[in-house]
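# Overview (structure and organization)
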Number of protein chains: 2
Amino acid sequence: MKAYNDYKNEELREHLLSLLAQYKEYQAKDLQLNMARGKPCVEQLDLSMGMMDVLSSDSDLLCEDGTDCRNYGVLDGIKEAKELMADMMEVNPDNILIYGNSSLNIMYDTISRSVTHGVMGSTPWCKLDCVKFLCPVPGYDRHFAITEYFGIEMIPIPMTECGPDMDMIERMVSEDASIKGIWCVPKYSNPQGYSYSDLTVRRFARLEPAAKDFRIYWDNAYTIHHLYDDDQDHLIEILAECKRAGNPDLVYKFASTSKISFPGSGIAAIATSHNNLEDIRHQLSMQTIGHDKVNQLRHVRYFGDIHGMIEHMRRHADILRPKFELVERILEEELGGLEIGFWTKPRGGYFISFDSLPGCAKAIVARCKKAGVVMTAAGATYPHGIDPLDSNIRIAPSYPPLQDLEIAARLFTLCVKIEAAKSILTQRGEAVPAK
Amino acid sequence: MKAYNDYKNEELREHLLSLLAQYKEYQAKDLQLNMARGKPCVEQLDLSMGMMDVLSSDSDLLCEDGTDCRNYGVLDGIKEAKELMADMMEVNPDNILIYGNSSLNIMYDTISRSVTHGVMGSTPWCKLDCVKFLCPVPGYDRHFAITEYFGIEMIPIPMTECGPDMDMIERMVSEDASIKGIWCVPKYSNPQGYSYSDLTVRRFARLEPAAKDFRIYWDNAYTIHHLYDDDQDHLIEILAECKRAGNPDLVYKFASTSKISFPGSGIAAIATSHNNLEDIRHQLSMQTIGHDKVNQLRHVRYFGDIHGMIEHMRRHADILRPKFELVERILEEELGGLEIGFWTKPRGGYFISFDSLPGCAKAIVARCKKAGVVMTAAGATYPHGIDPLDSNIRIAPSYPPLQDLEIAARLFTLCVKIEAAKSILTQRGEAVPAK
């Protein structure tokens with residue numbers, strides 16, 4: 001394929017006209033497709049239906065230590081659930097608190113507590129004039145929404161294939177005591193699917209923040225969410241690494257079973273140092289008598305142990321892998337060599353990240369929408385929804401069935417081509433055909 | 001029985017010696033009993049075991065509107081759960097948000113949001129020098145713990161059989177704009193089991209608070225938790241009453257199924273005006289993608305409708321009633337006429353409130369503990385755990401089996417008698433026998 005930039009003006013205009021004609025055909029199809037959110041598809045949900053059978057009226061609902069899961073109590077979560085989540089999160093069960101159904105909720109509550117009560121005795125952030133967070137970009141919109149909601153200033157940090165720019169991070173956190181945290185999705189990152197390199201994790205664990213209440217918000221959402229059996233990313237375990245580096249309290253690690261069992265009906269947990277846990281537990285004892293232990297027990301009885309969970313994830317991968325491969329194949333077929341877009345090829349997680357020519361992302365997403373395909377809003381992967389280059393688009397291939405996904409992906413590439421051709425012609429000062 | 005105050009000194013001392021001898025016999029029994037927390041007993045938990053069967057791998061887990069409860073989404077809660085909770089809370093389903101497993105958690109989050117973001121656009125409480133709450137006393141320790149945790153000044157308001165002192169409340173909230181809320185358990189109150197009179201509720205709905213962000217925190221924890229079929233308290237519905245009074249935004253109402261299905265694995269909800277809901281929903285959309293819809297569906301399928309729930313509560317009452325009646329009988333048998341204690345006789349809820357002679361409560365609870373019976377800490381029913389008269393003790397009869405409850409209640413009355421006799425002798429300037 002010839003790069004769009006090598007097209008002569010007239011040639012590119014002709015090409016654009018034919019693309020627009022194709023687009024009209026798509027519009028006539030009345031599509032209603034969605035590649036916006038990282039939602040598991042129905043077949044994935046079906047995988048966990050056995051969850052509904054493991055507890056019955058004949059079950060005892062007792063923990064190994066005799067705790068009756070049906071009654072009040074056990075603030076931390078039941079022992080066997082802590083063990084299961086600990087194996088999943090690669091930490092000691094003693095470092096875990098089990099929460100309700102959502103790790104996002106834990107992150108929100110963690111920020112909220114820091115705002116009202118500080119971190120391990122520090123000044124509550126609401127008493128400070130300025131609180132800042134570092135935000136590797138592109139990143140997860142719901143992370144940014146939380147910090148924005150609390151009026152926290154967000155500083156974008158560029159991502160690389162090895163993780164965020166560590167030179168910048170090291171310099172900034174050591175110089176500026178108003179920087180209190182950094183959002184990280186360290187494995188199969190949202191949206192790029194990058195995993196932090198060993199060196200990146202080691203440098204994180206050795207940060208020397210000016211603020212004593214600085215914490216790394218390590219959202220390990222995709223820790224066992226591989227697409228391949230034989231080609232998996234490996235991430236150094238951050239709690240242990242922080243401990244080794246003499247910074248045991250530096251990190252909060254979050255995870256949930258949302259994309260393992262049922263989204264919204266899973267269990268979520270935080271893993272962190274004993275000092276941090278003591279701080280959290282004090283607050284948590286004000287907030288609740290305890291989270292849903294029956295659901296914790298349900299997860300333990302269903303998965304048995306981490307091996308059962310890993311086997312289960314293999315079945316998820318079998319459903320997701322063809323979807324990722326389909327989208328990647330179409331991107332390659334339609335856009336390969338055109339030099340109008342760049343996309344990632346993750347080995348796990350839920351997203352493919354696409355970068356269009358600068359200034360085209362909003363127009364591409366809008367054009368997809370007008371033909372009935374909903375994408376994540378352009379800009380969503382940046383703080384305040386503002387992508388300075390207007391180029392990043394998050395593709396979520398998990399939810400649509402394969403045949404829908406193929407149509408959606410083809411339409412997407414068509415919109416990419418149209419907006420690229422328009423952009424190039426405009427930049428050359430050439431007239432652009434009307435829609 | 002003769003009142004202790006009518007005993008001559010020597011007679012009372014003799015009596016005390018015989019009480020202490022009885023106490024020694026109890027100590028020899030090595031008891032391990034608990035009347036401290038309002039926990040349902042095992043037989044009550046058994047009532048809900050059918051909850052574990054209503055969903056199975058053959059179930060569809062779909063809402064009537066087609067929503068798949070297994071996937072992400074539906075911030076407010078599923079429609080049919082809102083209807084069930086609305087019937088239970090006596091409000092319109094449109095006025096409901098379903099949360100996770102704990103109404104305490106909703107209350108905490110409500111206060112926390114007000115601290116960080118204010119109420120419907122008001123100044124966040126963290127930016128104010130002084131925030132105060134009115135606290136009807138005796139009251140629920142976990143309410144007071146939340147306000148204490150957020151540094152909110154607590155002003156005790158005396159309770160009467162008709163509810164808290166409304167003259168005081170009306171005056172204070174109209175004069176002091178730093179008063180932002182009041183904790184209420186309006187039906188079968190914790191710990192007294194009193195229900196607010198019609199007049200009290202009407203006066204609540206017609207409060208004219210100086211603070212625009214003043215709200216009534218209406219914790220209707222025991223709304224359908226009657227002990228008797230034919231002798232039930234009735235409470236005027238506060239949302240409707242506030243609306244009628246032209247104060248639609250004045251109240252947050254909380255409830256949960258914690259003592260209906262399984263404590264810790266139920267569903268909880270807030271009911272309030274559309275203006276308040278809009279405020280809450282904005283914050284909630286930052287905090288979570290949605291609460292556990294599968295558990296919401298489980299509750300709907302199990303109870304069917306409010307009638308099913310009411311029938312279920314009847315079965316709870318059948319278990320609880322004999323326990324309340326036993327404790328009341330023993331209190332009457334052991335303490336009737338002695339004029340050394342006053343106790344309530346609730347028609348619902350989870351507690352009996354006991355008032356000893358002033359200055360005796362801590363000593364009574366400590367003495368019970370030394371003989372192996374754990375009571376709620378004396379003072380717990382007051383802000384900061386300080387009962388100025390040191391007389392209120394909360395009795396929770398629900399958890400122990402009847403035969404244990406009988407022993408615990410007898411021991412309790414013995415400790416009441418011992419401490420009363422000691423107190424009277426001391427006040428008379430008489431020597432008190434060594435333990």
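Figured I'd write up the structure that's included with this text. Just so we're clear, the structure is a prediction, and the values are computed from it rather than from any experiment.

### A look at the relation of the copies chain B and chain A
The relation between the two copies of this chain is a rotation about an axis and a shift parallel to it. Aligned on chain A, chain B shows an RMSD of 0.0 Å; the corresponding rotation is 180° and the shift along the axis is 0.0 Å. The two molecules are tied by a two-fold rotation axis, judged by turn and shift. The overlap is high: 100% of the interface residues of chain B also sit at the interface in chain A, so the same surface is used on both sides.

### Quick look at the interface of chain B and chain A
Each partner contributes residues to the interface: chain B has 59 residues there, and chain A has 59 residues. When chain B packs against chain A, close to 4,900 Å² is buried across both sides, 53% of that on carbon and sulfur atoms. Here chain B and chain A share 2 salt bridges between them. Summed over the shared surface of chain B and chain A, the result is 23 residue pairs in polar contact (both at pLDDT 80 or more). When residues of the side of chain B that touches chain A are traced back to their parent elements, those giving at least two are α2 (42-47), α4 (103-117), α5 (141-149), α9 (274-287) and α10 (293-303) of chain B.

### Section: the nonpolar core
Phe204, Ile216 and Trp218 of chain A together with Phe204, Ile216 and Trp218 of chain B are the most contacted members of the largest nonpolar core, which totals 117 residues. Those residues within four positions of Ile216 of chain B in sequence are excluded, and the remaining contacts are Ile182, Cys184, Phe204, Leu207, Leu250, Val251 and Tyr252 of chain B. Core analysis: the second largest hydrophobic core is formed by 68 residues, Met107, Phe144 and Phe254 of chain A together with Tyr149 of chain B among them.

### Quick look at the side chain of Glu241 of chain B
Residue and element names in this part refer to chain B. Checked against the element boundaries, Glu241 lands in helix α8 (residues 238-244). Look at Glu241 and you get buried, because its relative accessible area is 2%. Within polar-contact distance, the side chain of Glu241 engages the side chain of Arg244 at 2.7 Å. Setting aside anything within four residues of it in sequence, one finds Glu241 in contact with Val201, Arg202, Ala205, Arg206 and Ile236.

### What to know about the sheet that holds strand β8 (residues 251-256) of chain B
Residues and elements named next belong to chain B. Strands sit in the order β2-β9-β8-β7-β6-β3-β4-β5 across an open sheet of 8 strands; the sheet is mixed. Each edge of the sheet is formed by a strand with only one pairing partner; in this case those strands are β2 (96-98) and β5 (163-164). Two elements, strand β3 (residues 132-137) and strand β4 (residues 153-160), share 6 bridges in a ladder whose sense is parallel. Across the sheet, residue Val137 finds its bridge partner in β4, namely Pro158. α4 rests against β3, β6 (179-184), β7 (215-219), β8 and β9 (268-271) of the sheet, and its axis sits at about 150° to β8. On the sheet, α9 packs against β2, β7, β8 and β9 and is oriented at approximately 25° with respect to β2.

### Focus: the pairing of β7 of chain B
Residues and elements named next belong to chain B. Of all 5 residues in β7, 5 are buried; the element is thus mostly enclosed. Neither face of β7 is left uncovered, since the one carrying Arg215, Tyr217 and Asp219 and the one carrying Ile216 and Trp218 both have all their residues buried. Two strands pair when backbone bridges link them, and β6 and β7 are joined in this way by 4 bridges, in the parallel orientation. Counted as the bridge partner of Ile182 is Ile216 from β7. Relative to β8, β7 runs parallel, the two sharing 4 bridges. Note on β8: the bridge partner recorded for Ile216 is Val251. A crossover links β7 with its parallel partner β8, the connecting element being α8, and its sense is right-handed.

### Concerning the environment of Met85 of chain B
Residues and elements named next belong to chain B. On the secondary structure map, Met85 appears in helix α3 (residues 79-89). Classification of Met85 as buried rests on a relative accessible area of 0%. Met85 sits 29 residues away from Ser56 along the chain, and the two C-alpha atoms are 23 Å apart. Apart from residues no more than four positions distant in its own chain, Met85 is found in contact with Ile96, Ile98, Ala255, Ser256, Thr257, Ile267, Ala268 and Ala269.

### Thoughts on the packing of α3 of chain B against α10 of chain B
When two helices pack together, you describe them by how their axes are tilted relative to each other and by the distance separating the axes. All names here are of chain B. Here α3 crosses α10 at 60°, and the two axes come no closer than 9 Å. In this view, α3 runs oblique relative to α10, as classed from their interaxial angle. Taken as a pair, α3 and α10 cross one another with a handedness that is left-handed. In this structure, α3 contributes Glu80, Ala81 and Leu84 to the contact, and α10 contributes Gln296, His299, Val300 and Phe303. Looking at the contact of α3 with α10 residue by residue, the classes come out as 4 nonpolar, 2 polar and 1 charged.

### With respect to helix α10 (residues 293-303) of chain A
Residues and elements named next belong to chain A. Counting buried residues in α10 gives 9 out of 11 residues, a clear majority hidden from the surface. For α10, the full list of buried residues reads Lys293, Val294, Asn295, Gln296, Leu297, Arg298, His299, Val300 and Phe303. With a side-chain oxygen positioned 3.1 Å from the backbone nitrogen of Val294, the residue opening α10 is Asp292. Just past α10, the residue Gly304 takes up positive phi, approximately 75°.

Basis of the calculations
Residues numbered from 1 in each chain as written. Chains lettered and ligands numbered in written order. Predicted model: local features only at pLDDT ≥ 70, side-chain atom pairs only at ≥ 80, totals over all residues. Heavy atoms only, no water. Least-squares fit on C-alpha atoms with pLDDT ≥ 70 in both. Contact = heavy atoms within 4.5 Å. Buried area = accessible area lost by both parts, 1.4 Å probe. Salt bridge = Lys/Arg side-chain N within 4 Å of Asp/Glu carboxyl O. Polar contact = N/O pair within 3.5 Å; in protein donor to acceptor, adjacent residues only side chain to side chain. Helix = DSSP H or I, 4+ residues; strand = E, 2+ residues; numbered from the N terminus. Core = buried A, V, L, I, M, F, W, Y, C linked by side-chain atoms within 4.5 Å. Buried < 20%, exposed > 50% of the residue type's maximum accessible area, 1.4 Å probe, protein only. Pairing = 2+ DSSP bridges. Axes fitted to C-alpha atoms, helices over the stretch in contact; angles between N-to-C directions. Right-handed = clockwise from strand over helix to strand, strands pointing away. Parallel < 35°, antiparallel > 145°, perpendicular 65-115°, else oblique. Left-handed = near helix turned anticlockwise from the far one by under 90°. Nonpolar A, V, L, I, M, F, W, Y, C, P; charged D, E, K, R; others polar.

Taken by themselves, the reported measurements are silent on function.
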